[in-house]
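This is what each chain is made of:
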Amino acid sequence: MAKIKIQICNGTTCFVMGGGNQQALSEILKNKYQDKIEIEAVRCFELCSQKDAFSKAPFVKVDEQVIDQANIEKITKAIEEKL
Ligand code: FES
């Protein structure tokens, strides 16, 4: 089974808007899903520069699904839907 790809935005806007705890987020997800997911920190998705999107940061992608105002609950839900 292919791993679910989690991309955590590492850009400034997402960091300032709450993505700064991504290391903790990453650890929680790795512990919970282990070999079912792969996690990478990526540069700005450029979503934050789109109209009205700034306030929706931080962004995370689960496969190609964009999660705005990303938190552990939203990311976990998206992962569970794909398992
Ligand atoms: S900093 Fe995350 S989308 Fe731009």
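See the structure printed just above.
Residues numbered from 1 in each chain as written. Predicted model: local features only at pLDDT ≥ 70, side-chain atom pairs only at ≥ 80, totals over all residues. Heavy atoms only, no water.

### Thoughts on the overall build of the protein chain
Phase 1: When helices and strands are counted, the protein chain shows three helices and four strands.
Phase 2: Each helix and strand of the protein chain, ordered N terminal to C terminal, gives the series β-α-α-β-β-β-α.
Phase 3: Counting only C-alpha atoms, the protein chain reaches 35 × 20 × 20 Å along its principal axes.
Phase 4: Every one of the 83 residues in the protein chain was classed for burial, and the buried ones make up 39%.
Phase 5: Counting contacts in the protein chain only where the partners sit at least 6 residues apart, residues at least 24 apart contribute 61% of the total.
Phase 6: Accessible surface, the protein chain as shown: approximately 5200 Å² in total, 49% of it carbon and sulfur.
Phase 7: Charge separation in the protein chain, taken as the distance between the mean sites of 12 positive and 12 negative side-chain charges, equals 1 Å. (Helix = DSSP H or I, 4+ residues; strand = E, 2+ residues; numbered from the N terminus. Buried < 20%, exposed > 50% of the residue type's maximum accessible area, 1.4 Å probe, protein only. Contact = heavy atoms within 4.5 Å. Areas by Shrake-Rupley, 256 points an atom, 1.4 Å probe, with all protein chains shown as cover. Lys, Arg positive; Asp, Glu negative; His and termini not counted. Charge placed at Lys NZ, Arg CZ, Asp CG, Glu CD.)

### Side note on the pairing of strand β1 (residues 4-9)
Phase 1: Counting buried positions over the six residues of β1 gives five, a clear majority of the element.
Phase 2: With six bridges connecting them, β1 and strand β2 (residues 37-42) associate as parallel partners. The residue of β2 that forms the bridge with Ile4 is Ile37.
Phase 3: Looking at chain direction, β1 and strand β3 (residues 60-62) are connected through three bridges and run antiparallel. (Pairing = 2+ DSSP bridges.)

### Side note on unusual backbone geometry
Phase 1: Going from Ala57 to Pro58, the amide bond is cis rather than trans, its omega being 5°.
Phase 2: When you line up the elements, Pro58 lands in the loop between β2 and β3.
Phase 3: Despite not being glycine, Asp52 shows a phi value in the positive range, around 65°.
Phase 4: Its location among the elements puts Asp52 in the loop between β2 and β3.

### Considering helix α2 (residues 22-33)
Phase 1: Taking 1.5 Å as the rise per residue, α2 with twelve residues should run 16 Å; its terminal C-alpha atoms sit 16 Å apart, in good agreement.
Phase 2: Looking only at α2, the buried set comprises Gln22, Leu25, Ser26, Leu29 and Tyr33. End-on, the buried residues of α2 take up no more than an arc of 100°, which puts them together on one face. Of the exposed residues in α2, those oriented more than 90 degrees away from the buried face are Gln23 and Asn31.
Phase 3: Positioned one or two residues after α2, Gln34 has a phi angle of 40°, which is positive. (Expected span 1.5 Å × (residues − 1). Arc of directions from axis to C-beta.)

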